[in-house]
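Notes for the structure review
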Amino acid sequence: MFKNYLKTAWRNLLKNKTFSTINVLGLAIGIAAFLLIINYLRFEYSFDDFNVNKDRIYRVPMIVTETGGKPQTFAFTYPALAPAMKKDFPEVQEAIRFRKQWGVVQHGDQKIIEDGMIYYVDPSVFNVFSFEFERGSSATAFTQLNDAIVTRSTAVKYFGKEDPIGKSLHYNDEDYVVKAVLKDLPANCHLQFHILLNYNKYIQITKGAANTSWGWSDFYTYLLLKPGTDVKALQSKMPAFAQRYIGDDMKKNGYINSFQLQPLKDIHTHSDYDYEMPGSGNLYYLKYLGIAALLILLIALINYVNLSTARSLERSKEVGVRKVVGASKFQLVRQFLAETFLMNLFGIVAGFLLFKWLLPEFSRLINQNVIDLQTNSWQFWTFIFFIFLISTLVAGFYPAFVLSSFQPMQTLKSAMGFGGIKRSRNIFRKSLVVLQFAAAIMLIGGAFGFYRQLTFMSNRDLGVNIKQTLVLRQTTNLDSSKINTVESFMNDLQSIPGVQTLTASTDVPGNEVGGSSDFRLITSNQGKRCRIFGIDEKFIPDYGLSLAAGRNFDKDKPASNDTTQIVSLIINETAAKILGFATANDAINKMVHGAGYNCRIVGVMHDYHQQSLQYNYDPIVFYPEQLRNMSSYSLKLSTSDLQQVLAQTKQIWNKRFPQSPFEFFFLDDHFNEQYKNDKLFSTILWWFTVLAIIVASLGLFGLSLYTVTKRTKEISLRKVLGATVLQILTLITKDYIKLVLVAGLIAIPAAYFLLKNWLNDYAFHIEMGAWLFLFPLLLITAITLITVLYQSIKAAIASPVKNLRTE
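Residues numbered from 1 in each chain as written. Predicted model: local features only at pLDDT ≥ 70, side-chain atom pairs only at ≥ 80, totals over all residues. Heavy atoms only, no water.

1. Considerations on the packing of aromatic side chains
Summed over the entire model, instances satisfying the criterion amount to 53 aromatic pairs. Ring centres 6.1 Å apart and planes at 65 degrees place the aromatic pair Trp 653 and Phe 662 in the edge-to-face group. By the burial criterion, Trp 653 is buried, and Phe 662 matches it. (Phe/Tyr/Trp six-rings, centres within 6.5 Å; stacked < 30°, edge-to-face > 60°. Buried < 20%, exposed > 50% of the residue type's maximum accessible area, 1.4 Å probe, protein only.)

2. Quick word on the environment of Thr 212
Positionally, Thr 212 belongs in helix 7 (residues 209–212). Considering only alpha carbons, one finds Thr 212 and Ala 84, 128 residues apart in sequence, at a separation of 9.3 Å. A polar side-chain atom of Thr 212 sits 3.1 Å from the main-chain carbonyl oxygen of Gly 208. (Helix = DSSP H or I, 4+ residues; strand = E, 2+ residues; numbered from the N terminus. Polar contact = N/O pair within 3.5 Å; in protein donor to acceptor, adjacent residues only side chain to side chain.)

3. Remarks on the packing of helix 18 (residues 483–494) against helix 22 (residues 642–656)
Describing two packed helices takes the angle between their axes plus the distance from one axis to the other. At a minimum axis separation of 10 Å, helix 18 and helix 22 run at an interaxial angle of 165 degrees. The angle between helix 18 and helix 22 falls in the class roughly antiparallel. In the packing of helix 18 onto helix 22, the handedness of the crossing is right-handed. Together, Thr 485, Ser 488, Phe 489, Asp 492 and Leu 493 of helix 18 and Thr 649, Ile 652, Trp 653 and Arg 656 of helix 22 make up the contact between the two elements. Its residues assigned to classes, the contact of helix 18 with helix 22 shows 4 nonpolar, 3 polar and 2 charged. (Axes fitted to C-alpha atoms, helices over the stretch in contact; angles between N-to-C directions. Parallel < 35°, antiparallel > 145°, perpendicular 65-115°, else oblique. Left-handed = near helix turned anticlockwise from the far one by under 90°. Contact = heavy atoms within 4.5 Å. Nonpolar A, V, L, I, M, F, W, Y, C, P; charged D, E, K, R; others polar.)

4. Here's the deal with helix 22
Here helix 22 is 15 residues long and its end C-alpha atoms lie 21 Å apart, about the 21 Å a rise of 1.5 Å per residue gives. Every buried residue of helix 22 is accounted for by Val 645, Leu 646, Thr 649, Ile 652 and Trp 653. With its buried residues spanning 135 degrees around the axis, helix 22 presents them on a single face. Residues of helix 22 that are exposed and point over 90 degrees away from its buried face: Gln 643, Gln 651 and Lys 655. Buried residues along helix 22 sit against strand 14 (469–473), helix 18, strand 15 (499–505), strand 23 (632–637) and strand 24 (664–666). (Expected span 1.5 Å × (residues − 1). Arc of directions from axis to C-beta.)

5. Observations concerning the sheet that holds strand 3 (residues 71–74)
Here 3 strands make up an open sheet; going across it, the order is 3-2-12 and the pairing antiparallel. Both edges of this open sheet fall to strand 3 and strand 12 (255–259), since each of them pairs with a single strand only. With direction set aside, neighbouring strand axes in the sheet form an average angle of 20 degrees. (Pairing = 2+ DSSP bridges.)

6. Considering helix 5 (residues 152–159)
Because each turn of an α-helix spans 3.6 residues, side chains separated by three or four positions in sequence point in the same direction. Turning to helix 5, its buried residues number three or more, namely Thr 154, Ala 155, Tyr 158 and Phe 159. The arc that holds every buried residue of helix 5, seen down its axis, measures 100 degrees, which confines them to one face. Close packing links the buried residues of helix 5 with strand 4 (92–107), strand 5 (110–121), strand 7 (147–151), strand 8 (168–171), strand 9 (174–182) and strand 10 (195–198). Phi for Gly 160, located one or two positions after helix 5, is positive at around 65 degrees.

7. Notes on a nonpolar patch on the surface
A cluster of nonpolar side chains, contributed by Phe 341, Leu 345, Val 349, Phe 352 and Leu 353, occupies part of the molecular surface with about 430 Å² of accessible area. With respect to the helices, strands and loops of the structure, Leu 345 is situated in helix 13 (residues 329–365). Using a relative accessible area of 36% as the deciding quantity, one classes Leu 345 as partly exposed. (Patch = residues over 30% accessible without salt bridge, like charges linked within 9 Å, V, L, I, M, F, W, Y side chains within 5 Å. Areas by Shrake-Rupley, 256 points an atom, 1.4 Å probe, with all protein chains shown as cover. Salt bridge = Lys/Arg side-chain N within 4 Å of Asp/Glu carboxyl O.)

8. Looking at unusual backbone geometry
Even without a glycine there, the phi angle at Asp 173 is positive, about 65 degrees. Relative to the helices and strands, Asp 173 is located in the loop between strand 8 and strand 9. For Asp 173, a relative accessible area of 69% corresponds to the exposed category. One non-glycine residue, Gln 468, lies in the positive phi region at around 50 degrees. Residue placement: Gln 468 occurs in the loop between helix 17 (418–459) and strand 14. Since its relative accessible area comes to 40%, Gln 468 is described here as partly exposed.

9. A look at the pattern of salt bridges
Evaluation of the coordinates by the stated rule reveals 23 salt bridges. Among the ionic pairs, Arg 152 bridges to Glu 134, the shortest N-O distance being 2.4 Å. Residue Arg 152 is found in helix 5, and its partner Glu 134 is found in strand 6 (residues 133–135); the two are separated by 18 residues along the sequence. When its relative accessible area of 36% is taken as the criterion, Arg 152 is described as partly exposed. Connected through shared salt-bridge partners, Asp 274, Glu 512, Arg 531 and Asp 618 make up one network.

10. Remarks on the environment of Ala 180
Its place among the elements puts Ala 180 in strand 9. Using a relative accessible area of 0% as the deciding quantity, one classes Ala 180 as buried. Separated by 42 residues in the primary sequence, Ala 180 and Ser 138 have C-alpha atoms spaced 8.2 Å apart. Discounting residues that sit within four places of it in the chain, Ala 180 has contacts with Phe 133, Arg 135, Gly 136, Ser 137, Ala 141, Ala 148, Ile 149, Val 150 and Ile 165.

11. Considerations on the environment of Thr 154
You can see Thr 154 is positioned in helix 5. Contact partners of Thr 154, with chain neighbours within four places excluded, come to His 194 and Ile 195. Polar side-chain contacts of Thr 154 include one of 2.7 Å to the side chain of Thr 151. Separated by 3.4 Å, the side chain of Thr 154 and the backbone oxygen of His 194 make a polar contact.

12. A word on the pairing of strand 11 (residues 220–225)
Burial analysis of strand 11 places 6 of its 6 residues in the buried class, the great majority of the element. Side-chain alternation along strand 11 places Tyr 220, Tyr 222 and Leu 224 on one buried face and Thr 221, Leu 223 and Leu 225 on a second face that is also buried. Looking at chain direction, strand 1 (residues 57–59) and strand 11 are connected through 3 bridges and run antiparallel. In the sheet register, Ile 57 faces strand 11, and the bridge partner there is Leu 224. The pairing of strand 4 with strand 11 spans 6 bridges and is antiparallel. In the strand pairing of strand 11, Val 92 is matched with Leu 225.

13. Quick look at the confidence of the model for the protein chain
Close inspection of predicted coordinates is inappropriate for parts of the model with low pLDDT. Here the protein chain averages 85 in pLDDT, and 88% of its residues register 70 or above. Here residues 414–421 is a poorly scored stretch, pLDDT under 50, and it has 9 contacts once near neighbours within four places are set aside; other chains count. (pLDDT = per-residue confidence, 0-100.)

14. Describing the packing of helix 2 (residues 17–45) against helix 24 (residues 676–710)
In contact at an axis separation of 10 Å, helix 2 and helix 24 are set at 160 degrees when each is read in the N-to-C sense. With respect to helix 24, the axis of helix 2 lies roughly antiparallel. Every pair of crossing elements has a handedness; the one defined by helix 2 and helix 24 is left-handed. Where helix 2 abuts helix 24, its residues Thr 18, Phe 19, Ile 22, Leu 25, Gly 26, Ile 29, Gly 30, Ala 33, Leu 36 and Ile 37 lie against Phe 688, Leu 691, Ile 694, Val 695, Leu 698, Gly 699, Phe 701, Gly 702, Leu 705 and Tyr 706. Taken together, the residues of the contact of helix 2 with helix 24 break down into 15 nonpolar, 5 polar and no charged.

The structure is reproduced here in structure tokens:
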């Protein structure tokens, strides 16, 4: 019997090649798009799953709230926190710290900049994280202070095919011996590093401060909790814990520090802390991609239901004949479900092949190794199987039961009682078309809104001039003996043709300013956390920054080890506000204390965008730094011959700093790198929106083809009776335009809600005007008209005599 169902289903598919092709193609594109997005979401949500104890690992970030201020979030905390928590809480099985490092690592003549890929870690790190060893083990690693562990690719980078065990790496004036090699970290690990060093060595380097300090907050702290720990109960103990260790300091400086317990699985997708690990995902983006995946699949399934119900009138006599000769309703349902199964099987197979074909290109688009996006997880494919099983049943259920419910008397007579059935199916079909249009309008509205936000961020005046700026980075610490070398280096650079001006600083726009300290008025005990930024006297004019009050630095004495000196400061407007000054002029010549110095405010700078427009203005304190402590040299260029400038710059660099590799970037490219994820998400959304429009257009094309075919004789009669081509076109298209307008009424509020939630994540964003929502409505209207008019024009200009001859 089942074989007969399949044979009949196959004949029906071949009999209606156009509708079958449209159905299969629509399903294939929808399924491929759905699989690409869902598989990418699977990867994003799988971060840190490789850890055996993933459910018991927590990170300890902190939230600092100053009196009268807004909460400030920090992904890292104090070095003394880990040993204190292990001592005070029996629930804590292990507590470890990661301390990020930068700099040049040398092996022989090879010098490589490891930019934030070196960490000092506690030796018990392997009791917490499930990093796999390729050579050595946790028992043999970190037995000595100068032990080092490298990843497989790092070992190849430094030692080639040689055995790395026992080889040395020179870093920060110390020789470290490789004792173990780890397998390369999975791409879905939020911790990414090349080299691990013994944390006990760092305690020695810092003379114990890296183990006892409750004021130095640059350490990522992780806990492994004992099985069965009540995390909420442990979190409730944190305020008393903070009070016990830093209560006096909180009272003295007027702030509250709240330590949090953040699950390991939340770090990549849910974390919104400052100073986060690089490469974190964006939960908003992932949610919207998930919504897009469901909408695309919904559009594809609606296509099937619409075309199936539209063709039901053609098959009504077939149903009547089958019932007259004894077919039961259940047999008819099975017959039509078999057709649905066969159609979906073709669509799913084609969609899966299309998914496999597009996956490498998609992986390049999102800058991921295609291997990382492939999965053999039976849980994932079981989930996908059930999604398609349910969708098959849902898509096939309505057409099957509508067709099988026809009564023989109604279906074998052309007039009696058929109009009610036809009207009810039309209402349902129109409802599905409205839903399909609404989904498409929402996708277009979201994609257009994201594009507008990106354009806004790219074109907004940053308040700082980053154009034609070449930045050189110093990655090696320079001692006081190098001051003459730095001065000579800067003089040499200024002699290069095409270098207009040159300034030195500890950071540049586009970076999150790393250093911070509490600043308070001399007359107050309540400090305010501000980021600190070392510059020279050329930084402000060279970067086109402006002062709201006061003056620029003018050979002001840089901060030194003499904490009795008074240091000159320039603060930005945000810092002036949080320090309590009503106007910029009120701050001039006021004395503040911060970073261990008494300081005088000599200027107030207008706020500018140090980072992406996603972030609000931070309070920043600028101070005159010693030249040897500057890590960034910004060259303002006035030439288009960049290669010549780079060649001369590199030659001077290698002459003055042979111990430090030459590293550079152009500041506008560096700043725009912050929008990499935003641009990527916008591109992905646009691609899948186009696919959704294609799928919807295929369904609309099939539906309009069927509608025009069924109304061919009506159109011919109208033409004979004097109807014009325009009147006929209006007759056919007006119903579809009405459906688009109804869909707009549903989709626009939903799109507004989604966009508003997303834009709230940006401190600076576009205004959501009417045009933002009219554009997708007009675009869908235009696509609808083009799709429907193609069939309508053919019918309107056809000869009525030819069409009526068969009547």
